[in-house]
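One letter stands for each residue in the lines below.
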Amino acid sequence: MNGRDKYVLVIPAYNESATIREVVQGALRHLGTVIVVDDGSNDGTADKLSNLPVTLRRHPENLGKAASLWNGMQTALNLGAKGIVTMDGDGQHDPADLPRLLMAAKVHPDKLVIGSRLWNRDVIPKARYRANRFANFWIAWAAGQTIEDSQSGFRVYPAQLIRRCRFVLGRKQSFVFESEIIIEAARHRFPCAFVPVSTSYPDNARPSHFHPMNDIAHITRMVAWRLFIQGFFPSGLWRSLNGSQSLKL
């Protein structure tokens, strides 16, 4: 692989027929290799990708976002990716922001680059904004660094980080994975870097699969266990409150 193909984009997709083609077309302007993981969609999501130069992986049934991301990441590693980019298929993320995330990843190859959305709170549904801020505090504590947006799926993962991580993924981990891997990344000495990105919620997009009450409860249980086995990590709380280790770009 060379040039832009050193970074492979993974898009998990579950019933994204209304938006997936436009998202992929936008992404292909910036990245040469795009993997779409169709997670048991029943709305013709895969059909919307006909004639597009993408690698399509299909789950016979819905396994959840975490499994889709992980399976797509393993495919990217097998292709020789240096870094793995992820974004959602619902049109929330603007492919035009990809060059900025890629530049940050190239300058800081030892960091997990995350597109930060919460600066633009006026366009984010209030319940989701509050849930994200609540999750940020706990994940920052467990990771020992300030976290601006723990729930953003718009990221660039160093390939070496993914190779070092091990997860057991099920349906309940669908929205836990992207929080837990921030904590794992810190443990493996891959701190976060944040790049402000735009966000939108297209009128034709399907309803969000993220349920603030239930999914934040699953995330909180994961973080509570992590803190318990770390002796409640008081130094991590101090560092998270004092802006330690994270990098804003």
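Before any of the text, the structure's been laid out above.
What you see is a predicted model, and the numbers here were worked out from it, not measured in a lab. Per chain, residue numbering runs from 1 following the sequence as it is written. The predicted origin of the model limits local features to residues at a pLDDT of at least 70 and limits the giving and counting of side-chain atom pairs to 80 or more, whereas totals for whole chains, interfaces and linings rest on all residues. No hydrogens and no water enter the side-chain calculation; it runs on all heavy atoms of the structure.

## Some remarks on the packing of helix H4 (residues 126-143) against helix H6 (residues 177-187)
Part 1 of the reasoning: Where helices are involved, their axes are fitted lines through C-alpha atoms of the stretch in contact, as for all axes, and angles between N-to-C directions lie from 0 to 180°. A run of H or I in DSSP counts as a helix once it spans at least four residues, and a run of E counts as a strand once it spans at least two, with each numbered from the N terminus. The contact between H4 and H6 brings their axes to 8 Å, and the two run at 25°. Considering their axes alone, H4 and H6 lie roughly parallel with respect to each other. Between H4 and H6 lies a crossing of right-handed hand. Here Ile 139, Ala 142 and Ala 143 of H4 come into contact with H6, specifically with Ser 179, Ile 182, Ile 183 and Ala 186.
Part 2 of the reasoning: For the contact of H4 with H6, the per-class residue count stands at 6 nonpolar, 1 polar and no charged. Each angle is binned into one of four classes, with values under 35 degrees roughly parallel, values over 145 roughly antiparallel, values of 65 to 115 roughly perpendicular, and all other values oblique. Crossings are assigned a handedness: left-handed for a near helix turned anticlockwise from the far helix by less than a right angle, right-handed for a clockwise turn. Note on definitions: a residue-residue contact is assigned when non-hydrogen atoms from the two residues lie within 4.5 Å. For this classification, the nonpolar set comprises Ala, Val, Leu, Ile, Met, Phe, Trp, Tyr, Cys and Pro, the charged set comprises Asp, Glu, Lys and Arg, and every other residue, Gly included, is treated as polar.

## Overview of a nonpolar patch on the surface
Part 1 of the reasoning: On the surface, Trp 225, Phe 228, Ile 229 and Phe 232 cluster together to form a nonpolar patch covering roughly 480 Å² of accessible area.
Part 2 of the reasoning: For Phe 232, a relative accessible area of 45% corresponds to the partly exposed category. Only residues whose relative accessible area exceeds 30% and that form no salt bridge are eligible for patches; like-charged ones are grouped when within 9 Å, while nonpolar side chains (Val, Leu, Ile, Met, Phe, Trp, Tyr) are grouped when within 5 Å. Reported accessibility uses the Shrake-Rupley method at a 1.4 Å probe radius. Residues are deemed covered only where the shown protein chains occlude them. A pairing counts as a salt bridge when a side-chain nitrogen of Lys or Arg comes within 4 Å of a carboxyl oxygen of Asp or Glu. Think of it in three bands: residues with accessible area under 20% of the maximum for their type are buried, residues over 50% are exposed, and the middle band is partly exposed, with areas taken using a 1.4 Å probe on protein chains only.

## Focus on the packing of aromatic side chains
Part 1 of the reasoning: Stacked, tilted and edge-to-face pairs are distinguished by plane angle, under 30 degrees for stacked and over 60 for edge-to-face with tilted covering the rest, among Phe, Tyr and Trp rings (Trp via its six-membered ring) whose centres lie within 6.5 Å. Inspection of the entire model under this criterion finds 9 aromatic pairs.
Part 2 of the reasoning: A centroid spacing of 5.5 Å and a plane angle of 20° characterise the contact between Trp 138 and Trp 141, whose relative ring orientation is stacked. Placement of both Trp 138 and Trp 141 in helix H4 is noted, with a separation of 3 residues, approximately one turn of the helix.
Part 3 of the reasoning: Overall, Trp 138 belongs to the partly exposed group, its relative accessible area being 28%.
Part 4 of the reasoning: For Trp 141, a relative accessible area of 14% puts it in the buried group.
Part 5 of the reasoning: Aromatic side chains Phe 167 and Phe 177 sit 5.2 Å apart centroid to centroid with 75° between the ring planes, which places their arrangement in the edge-to-face category. One end of the pair, Phe 167, is in the loop between helix H5 (159-164) and H6; the other, Phe 177, is in helix H6, and 10 residues separate them in sequence.
Part 6 of the reasoning: Ring pairs connect the aromatic residues Phe 134, Phe 137, Trp 138 and Trp 141, which therefore count as one cluster.

## Considerations on helix H2 (residues 65-78)
Part 1 of the reasoning: End to end, H2 covers 20 Å across 14 residues, agreeing with the expected 20 Å (1.5 Å per residue, within 8%).
Part 2 of the reasoning: Judged by how many residues are buried, H2 sits mostly within the fold: 11 of 14 residues are covered.
Part 3 of the reasoning: Gly 80 sits one or two residues past H2 and shows a positive phi near 90°. Multiply 1.5 Å by the residue count of a helix minus one, and that product is the helix's expected span.

## Quick notes on the side chain of Glu 184
Part 1 of the reasoning: With respect to the helices, strands and loops of the structure, Glu 184 is situated in helix H6.
Part 2 of the reasoning: Among all residues touching Glu 184, those that are not within four sequence positions of it are Cys 165, Phe 167 and Arg 226.

## Let's talk about the pairing of strand S5 (residues 112-116)
Part 1 of the reasoning: With 5 of its 5 residues buried, S5 lies for the most part within the structure.
Part 2 of the reasoning: Of the two faces of S5, the one holding Leu 112, Ile 114 and Ser 116 and the one holding Val 113 and Gly 115 are both buried throughout.
Part 3 of the reasoning: Two strands make a pair as long as DSSP finds a minimum of two bridges between them. Looking at chain direction, S5 and strand S7 (residues 192-196) are connected through 5 bridges and run parallel. Along S7, the bridge assignment pairs Val 113 with Ala 193.
Part 4 of the reasoning: Pairing analysis gives 2 bridges linking S5 to strand S6 (residues 155-158), with the strands arranged antiparallel. Paired with Ile 114 across the bridge in S6 is Arg 155.

The analysis is restricted to geometry; functional conclusions fall outside its scope.
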